[in-house]
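Reading the structure
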Amino acid sequence: MQLQKFIGTRGGDCSVNFKGCVLNPNAPYGGLWTLADLPKFSEDEIQSFIRMDYEELAQKIFQSLGLDIPQSLLANALALYKKFDDKNTPAPLSKINKNLSIQKLYCGPTRAFKDMALQPFGEIFSAFLKDSSKEYLILVATSGDTGPATLESFANKDKIKVVCLYPEGGTSEIQALQMTTIAAKNIKVIGIKGDFDDAQNILKNLLKDEQFLQSLTQNNLALSAANSVNFGRIAFQILYHIYASLQSFSLYKRQAHIIIPSGNFGNALGAFYAKNMGFPIEKIWIASNANNILTDFIESGVYDISYRVLQKTYSPAMDILTSSNVERILFFLFGKNRTRELMEDLQKYKKYALNQEELKLLQTYFQATYCEDLYCLEKIREYANAGFILDPHTACGIKAYEEIIKNDNEAICILCSTAEWTKFAKTLSQALGMGDLGDKESLEAIASKYSLTISPNILDLFKKEIVHTQSITKEEVKQNILQWLRK
Ligand SMILES: *Cc1c(COP(=O)(O)O)cnc(C)c1O
């Protein structure tokens with residue numbers, strides 16, 4: 001295939017190559033860069049993929065997508081998966097019962113699925129900067145999983161600086177330690193007195209702040225983002241869905257439903273592309289918590305933020321109202337003009353609505369459901385009793401599994417497990433009736449009761465020195481970052 005062009009979801013007559021959209025993720029009119037073309041494979045071709053190992057598959061898919069990455073660079077990036085739990089596959093499937101398998105997407109260094117994309121992404125991003133005269137600054141606001149994975153990926157990389165803002169007290173203790181104990185000169189971690197929304201707003205305001213941007217230019221720094229709308233991350237999130245669908249198909253000779261605990265829709269977008277390329281995926285099920293805007297959208301075609309207030313739940317990575325990657329789905333299904341119209345509605349009225357025909361098309365790909373915290377805790381307990389320890393995000397996906405099976409007790413389901421329980425040990429110990437323990441005590445109590453081993457990546461956190469101790473107010477952030485950059 002020819003080299004892929006990336007075009008804006010809201011139109012504009014320019015395009016970039018893969019490198020361009022990785023380094024500068026902003027497309028015209030506030031849109032996102034997205035694939036101009038998606039390859040579609042024949043059944044024979046799909047059959048031939050089944051025999052490939054993960055790396056071979058990745059090389060083949062990236063080539064078909066026309067992503068301009070040298071084969072050797074992609075190989076280096078994929079080699080980082082060798083550090084994951086199972087060196088043959090970064091995202092193994094494990095069978096729970098005759099209908100259900102769980103795909104473990106958390107086998108990397110920070111024990112959440114963000115590593116699947118951010119580990120290879122960091123390698124590629126920094127290789128793209130080899131001949132650049134500029135350095136890049138990456139700003140991240142995190143509710144707990146993106147921060148650690150980004151820092152882990154970019155620590156000590158040349159020509160890159162990372163500033164990570166997190167809400168102090170708003171993440172689990174383990175997530176906070178994953179950030180504050182990383183000692184690398186190119187990294188700055190700042191605890192904000194406020195919640196995740198505050199952290200995100202500070203970041204958004206900085207990106208519009210003339211004085212801030214000017215100072216960066218003076219320091220020869222360009223801004224970029226490693227958030228989940230960056231297509232460089234999405235590319236790696238297509239692969240494991242393809243891998244899982246093929247594994248499952250070769251076993252059961254039937255298409256699988258893929259269940260995805262969702263927030264910003266990056267994980268689900270990967271599955272959507274995989275399905276459109278012809279891989280054996282039945283429906284993509286979007287699982288949410290009490291912040292069920294995606295459930296409403298997929299059931300009614302109406303995306304309405306106007307009356308909603310964000311609720312804090314036990315699955316914080318899904319506490320979200322504006323789910324950014326939905327825009328790429330709209331583009332793929334309805335085109336740039338309609339996408340721009342809908343996104344303008346969202347800006348103006350905090351709401352947009354598909355027509356009946358559009359909704360029908362959306363529903364040929366997606367179904368959705370959600371559950372409240374109480375139900376989520378109940379499922380954690382139920383599955384723990386059966387010997388499977390689920391984190392709260394993955395547990396929300398069980399609701400979707402139950403609905404699928406109610407309609408078709410022969411259905412095959414793959415539930416994407418987006419985090420290891422260890423990251424949310426305190427919630428787990430509560431669900432399992434162990435009382436009100438701290439993070440470390442929860443880890444130990446659960447590991448001992450269920451005979452589990454805890455990854456050294458998690459255990460060692462409690463022995464490491466906390467090197468980032470700064471905790472500041474919103475007003476102080478800008479000066480603080482500028483001061484650090486001047487050093
Ligand atoms: C980021 C995250 C999600 C949401 O993924 P999206 O790609 O944003 O939909 C779900 N679960 C966990 C544990 C996460 O870290």
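Computed from a predicted model, the values in this text were never measured in an experiment.

The next thing to look at is the domain arrangement of the chain. Bring the parts together and some accessible area is lost; that lost area is often taken as the interface size. What the domain assignment lists for the chain is domain 1 (93-111 + 232-461) and domain 2 (112-227 + 462-487). Distance from the C-alpha centre of domain 1 to the C-alpha centre of domain 2: 26 Å. Taken together, the contact pairs 28 residues of domain 1 with 32 residues of domain 2. Taken together, both faces of the contact between domain 1 and domain 2 bury some 2,700 Å²; the carbon and sulfur share is 62%. One can count 2 salt bridges joining domain 1 with domain 2. Taking the shortest distance from any N to any O, the salt bridge between Lys463 and Asp460 comes out at 3.3 Å. On the surface where domain 1 and domain 2 come into contact, there are 17 residue pairs in polar contact (both at pLDDT 80 or more).

Neighbouring the ligand are 14 residues; Lys114, Asp145, Gly263, Asn264 and Thr418 lie closest to it. Contact between the ligand and Gly263: an oxygen atom at 2.7 Å from a main-chain N or O atom of the residue. Contacts to the ligand include Asn267, whose backbone N or O atom sits 2.9 Å from an oxygen atom. For the shell around the ligand, the two domains that each supply at least three residues are domain 1 (93-111 + 232-461) and domain 2 (112-227 + 462-487).

An ideal rise of 1.5 Å per residue puts 32 Å on 22 residues; helix H10 (residues 231-252) measures up with 32 Å between its terminal C-alpha atoms. Burial analysis of H10 places 17 of its 22 residues in the buried class, which makes it a mostly covered element. For H10, the side-chain oxygen to backbone nitrogen distance between the N-cap and Gly232 is 2.9 Å, and the N-cap itself is Asn230. Of the residues one or two after H10, Lys253 is the one with positive phi, at around 55°.

We now examine the UniProt feature "domain: Threonine synthase N-terminal" (unreviewed entry) in the chain. In this numbering, the UniProt entry assigns the feature "domain: Threonine synthase N-terminal" (unreviewed entry) to residues 5-74. For residues 5-74, helix accounts for 43% and strand for 11%, while the C-alpha atoms at its two ends are 19 Å apart.

A word on the UniProt feature "modified residue: N6-(pyridoxal phosphate)lysine" (unreviewed entry) in the chain. As recorded in UniProt, the sites labelled "modified residue: N6-(pyridoxal phosphate)lysine" (unreviewed entry) are Lys114. By relative accessible area, which is 13% here, Lys114 ends up buried. Ignoring sequence-local partners within four residues, the contact set of Lys114 consists of Asp145, Thr146, Ala149 and Arg233.

What follows deals with the pattern of salt bridges. Scanning the model with the defined rule gives 19 salt bridges in all. Across the pair Asp85 and Arg111 runs a salt bridge whose closest N-O atoms are separated by 2.8 Å. With a gap of 26 residues between them, Asp85 in the loop between helix H4 (71-79) and strand S4 (93-95) and Arg111 in the loop between strand S5 (100-104) and helix H5 (114-128) connect regions that are remote in the sequence. Through salt bridges that share partners, Asp85, Arg111 and Glu420 make up one connected network.

Turning next to the layout of surface pockets. Gaps left between atoms are located by rolling a probe of water-molecule size over the structure's atoms. Of the volumes computed, that of the second largest pocket is approximately 580 Å³. Counting only elements with at least two residues in the lining of the second largest pocket, the list comes to helix H8 (196-208) and helix H17 (425-431). With 4 residues, the top contributor of residues to the lining of the second largest pocket is H17. Classifying every residue of the lining of the second largest pocket gives 7 nonpolar, 9 polar and 7 charged.

Right, let's get into the sheet that holds strand S1 (residues 6-8). If you walk across this open sheet you meet the 3 strands as S2-S1-S3, and the pairing is antiparallel. Two strands bound the open sheet, and with one partner strand each, they are strand S2 (15-16) and strand S3 (33-35). Here S1 pairs with S3 via 3 bridges, running antiparallel. The residue of S3 that forms the bridge with Ile7 is Thr34.

With that settled, the discussion passes to the packing of aromatic side chains. Counting across every chain of the model gives 25 aromatic pairs. For the ring pair Phe49 and Phe279, a centre distance of 5.5 Å and an interplane angle of 50° mean the geometry is tilted. Within this pair, whereas Phe49 is found in helix H2 (residues 43-50), its partner Phe279 is found in the loop between helix H11 (266-276) and strand S11 (281-288), the two being separated by 230 residues in sequence. The pair Phe49 / Phe279 is uniform in exposure class, with both members buried.

The rules behind these values
Residues numbered from 1 in each chain as written. Predicted model: local features only at pLDDT ≥ 70, side-chain atom pairs only at ≥ 80, totals over all residues. Heavy atoms only, no water. Domains from an automatic or database assignment. Contact = heavy atoms within 4.5 Å. Buried area = accessible area lost by both parts, 1.4 Å probe. Salt bridge = Lys/Arg side-chain N within 4 Å of Asp/Glu carboxyl O. Polar contact = N/O pair within 3.5 Å; in protein donor to acceptor, adjacent residues only side chain to side chain. Near = heavy atom within 4 Å. Helix = DSSP H or I, 4+ residues; strand = E, 2+ residues; numbered from the N terminus. Expected span 1.5 Å × (residues − 1). Buried < 20%, exposed > 50% of the residue type's maximum accessible area, 1.4 Å probe, protein only. UniProt positions renumbered as here; feature names shortened; annotations may be inferred. 1 Å grid on protein atoms, 1.4 Å probe; cavity = no way out; pocket = protein on both sides within 12 Å on 5 of 7 lines; lining within 4 Å. Points joined across faces, edges and corners; volume = space filled by probe spheres on them. Nonpolar A, V, L, I, M, F, W, Y, C, P; charged D, E, K, R; others polar. Pairing = 2+ DSSP bridges. Phe/Tyr/Trp six-rings, centres within 6.5 Å; stacked < 30°, edge-to-face > 60°.

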